[in-house]
Amino acid sequence: MNVAFVDLKKQYKEIKKDIEEAISNVILDAAFINGKYVKDFENSFSKKMGTKHCIGVSNGTMALYLSLRALGIKNNDEVITAANTFIADGEAISLTGATPVFVDNDPDTFCLDTNKIEKVINENTKAIIPVHLYGQPANMDNICELAKKYNLKIVGDACQAPGAVYKDRNVGSLGDTVCYSFFPGKNLGAYGDGGAVLTNSDELADKIRMTANHGRREKYNNEFEGLNSRLDGLQAAILNAKLKYLDKWNDRRIAIANHYDKELKDIVITPKVLKRVKHIYHLYVVKIENRLDLQKYLKNKGISTGIHYPIPLPYSNAYSFYKYVKEDFPNAYKDKDKILSLPIHGSMDDNEVEYVVTNIRNYYNRKNI
Ligand SMILES: *Cc1c(COP(=O)(O)O)cnc(C)c1O
């Protein structure tokens, strides 16, 4: 038996009719750039996440960059983000000319350790990007309190968390803007690149929409230099068709996670979830000592796993010039050799889940003999 880490072919077979109809509509209407299908998706996504505006953009990295730029982040500013995240957060900050300032993760939730934020804030600090990592909301009470105290903007990174909830609020409204990626393997994935920015601010929405579309509201009436960073019509129509299934897929992920918790909690460190949050398990990450050995064992049994991320951002070559040492981000440094992401996705069936559980249990039983 083979268990894929994500199975987009299986997902496609389940929703083939919706997808084919969506694609053919766009082509028949020749609505490839902006147009009806982009609008439709923007409307349904903002409605579902509970914000006033949604701006479809080309990918999650650009959603972050466009947000920071619209908030006026520039040279010599500093923006705080997580050490344990995908490089897009660092890239978006650097693209504005500002400096990324990394903060260690909480060893239990893997999200930003909010106790370590205040000591890196100085007069250049302008914004913070809380990353809702693996699908779990960051501790937004603490982050909002710090943002208020020091007058910082908040740009949420919900690329792994479409549908996650923090204390009765969808994470999509927790920030000046909140950013999404529709990379194919995300909980809501396009068939190519895609992204979105959510905001309740009319002014930010207008700025971001114009910047992503050559600095204009109407064709050839360019008010400033923007860039081309639009969500295209085909991806928008595909996303709109898939959006109907997002709750079902997220619920399936949660059910699988609950089963993994129950079956594995006595042998590995299973994910800790904050009180009153809805974690939507983009990734199900356990902590273990002999990670590579278990990963190899599972691979031989046909089970794919992942590591998110093997090198915390500050230690990657891209940021080697900052010369960070292990004491700078001790939790991220320790966790990097222990974390293992197990297969989890909306189309995974009970047999596959059971096969993963059985093989992990067999691995440890074998070791104990
Ligand atoms: C996927 C992802 C992004 C970037 O998304 P792209 O669409 O690939 O540019 C940013 N942040 C996090 C946490 C992500 O997982």
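Structure shown above.
Quick caveat, the model's predicted, so the values are computed rather than measured.

Novice: Please explain the state of the cysteines as it appears in this structure.
Specialist: As used in these notes, a disulfide is a covalent bond between sulfur atoms, one from each of two cysteines. Applying the stated criterion across every chain yields a total of zero disulfides. Its sulfur unpaired, C144 is 14 Å from the next cysteine sulfur, which belongs to C111. Judged by its relative accessible area of 32%, C144 is partly exposed. Considering cysteine sulfurs only, C159 is the nearest to C179, which forms no disulfide, with 6.5 Å between them.

Novice: Would you mind showing me how to read the sheet that holds strand 6 (residues 165-166) here?
Specialist: The strand order 7-6-10 describes an open sheet built from three strands, whose pairing is antiparallel. The sheet is open, and its two edges are formed by strand 7 (169-170) and strand 10 (277-278), each paired on a single side. Two elements, strand 6 and strand 10, share two bridges in a ladder whose sense is antiparallel. Paired with V165 across the bridge in strand 10 is K278.

Novice: How should I be thinking about the sheet that holds strand 3 (residues 99-103) in this particular structure?
Specialist: Pairing between the strands of a sheet comes from backbone hydrogen bonds, and it takes one of two forms, parallel or antiparallel. Taken in spatial order, the seven strands make up an open sheet running 1-9-8-5-4-2-3, and their pairing is mixed. The strands lining the two open edges of the sheet, one partner per strand, are strand 1 (53-57) and strand 3. The mean inter-strand angle of the sheet, taken between neighbouring strand axes irrespective of direction, is 25°. As paired strands, strand 2 (residues 78-82) and strand 4 (residues 125-129) are joined by four bridges and run parallel to one another. Among the inter-strand pairings, I80 is bridged to a residue of strand 4, identified as I128. Together, strand 2, strand 3, strand 4 and strand 5 (153-157) form the strand contacts of helix 4 (residues 88-95), whose direction differs from that of strand 3 by roughly 150°.

Novice: Looking at this structure, how should I read the nonpolar core?
Specialist: Looking at soluble globular proteins, one finds that nonpolar side chains tend to be buried together. If you look at the biggest cluster of nonpolar residues, it comprises 101 residues, and the most contacted ones within it are F41, F45, L68, I117, Y180, F182 and Y260. Here the element with the most residues in this core is helix 3 (residues 60-70); it accounts for seven residues. Look past the residues within four positions of F182 in its chain and what remains in contact with it is F41, F45, L188, G189, A190, G192, G194, G195, A196 and L239. Membership of the second largest hydrophobic core comes to eleven residues, among which are A22, A31, Y37 and I238.

Novice: What is the right way to look at the site of the ligand in this model?
Specialist: Every residue close to the ligand is listed here: N59, G60, T61, T85, F86, A88, V131, D157, C159, Q160, S181 and K186. Between an oxygen atom of the ligand and a main-chain N or O atom of G60, the distance comes to 2.8 Å. Within the side chain of D157, one N or O atom sits 2.7 Å away from a nitrogen atom of the ligand. Mapping the ligand onto the cavity grids shows that it belongs to the largest pocket.

Novice: Quick question: what am I supposed to make of empty space enclosed by the protein here?
Specialist: By rolling a water-sized probe across the atoms, one finds the places where empty space is left. Applying the stated rule across the entire model yields two cavities of 30 Å³ or more. Each pocket or cavity is described by its volume, and for the largest cavity that value is around 130 Å³. L8, Q11, R253, H345 and G346 are, among the 15 residues lining the largest cavity, the residues nearest its centre. The set of elements that each furnish at least two residues to the lining of the largest cavity consists of helix 1 (8-29) and helix 8 (246-264). When its residues are assigned to classes, the lining of the largest cavity shows four nonpolar, seven polar and four charged. Forming the boundary of the second largest cavity are D108, T109, F110, Y134, Q136, P271, K272, H279, Y281, L283, Y284 and V285. A class-by-class count of the residues in the lining of the second largest cavity yields seven nonpolar, three polar and two charged.

Novice: What should I look at first to understand helix 4 in this one?
Specialist: Because each turn of an α-helix spans 3.6 residues, side chains separated by three or four positions end up pointing in the same direction. Restricting attention to buried positions, one finds in helix 4 the residues A88, D89, G90, A92 and I93. Buried residues along helix 4 sit against helix 3, strand 2, strand 3, strand 4 and strand 5. Backbone geometry just after helix 4 places G97 at a positive phi near 100°.

Novice: Even after reading the chapter, I still don't get the pairing of strand 5, so can you show me in this structure?
Specialist: Successive residues of a regular strand alternate their side chains across the two faces of the sheet. Of all the five residues making up strand 5, four are buried; the element is thus mostly covered by neighbouring parts of the structure. The pairing of strand 4 with strand 5 spans two bridges and is parallel. Bridge assignment links I128 to a residue of strand 5, and that residue is I154. In terms of handedness, the path from strand 4 via helix 5 (residues 140-150) over to strand 5 forms a crossover that is right-handed. Of the strand pairs in this sheet, strand 5 and strand 8 (residues 177-181) are connected by three bridges, and their pairing is parallel. Its bridge partner being in strand 8, D157 is matched across the sheet by C179.

Parameters at a glance
- Residues numbered from 1 in each chain as written.
- Predicted model: local features only at pLDDT ≥ 70, side-chain atom pairs only at ≥ 80, totals over all residues.
- Heavy atoms only, no water.
- Disulfide = S-S within 2.5 Å.
- Buried < 20%, exposed > 50% of the residue type's maximum accessible area, 1.4 Å probe, protein only.
- Pairing = 2+ DSSP bridges.
- Helix = DSSP H or I, 4+ residues; strand = E, 2+ residues; numbered from the N terminus.
- Axes fitted to C-alpha atoms, helices over the stretch in contact; angles between N-to-C directions.
- Contact = heavy atoms within 4.5 Å.
- Core = buried A, V, L, I, M, F, W, Y, C linked by side-chain atoms within 4.5 Å.
- Near = heavy atom within 4 Å.
- Polar contact = N/O pair within 3.5 Å; in protein donor to acceptor, adjacent residues only side chain to side chain.
- 1 Å grid on protein atoms, 1.4 Å probe; cavity = no way out; pocket = protein on both sides within 12 Å on 5 of 7 lines; lining within 4 Å.
- Sits in = over half its atoms within 2 Å of the grid points.
- Points joined across faces, edges and corners; volume = space filled by probe spheres on them.
- Nonpolar A, V, L, I, M, F, W, Y, C, P; charged D, E, K, R; others polar.
- Right-handed = clockwise from strand over helix to strand, strands pointing away.

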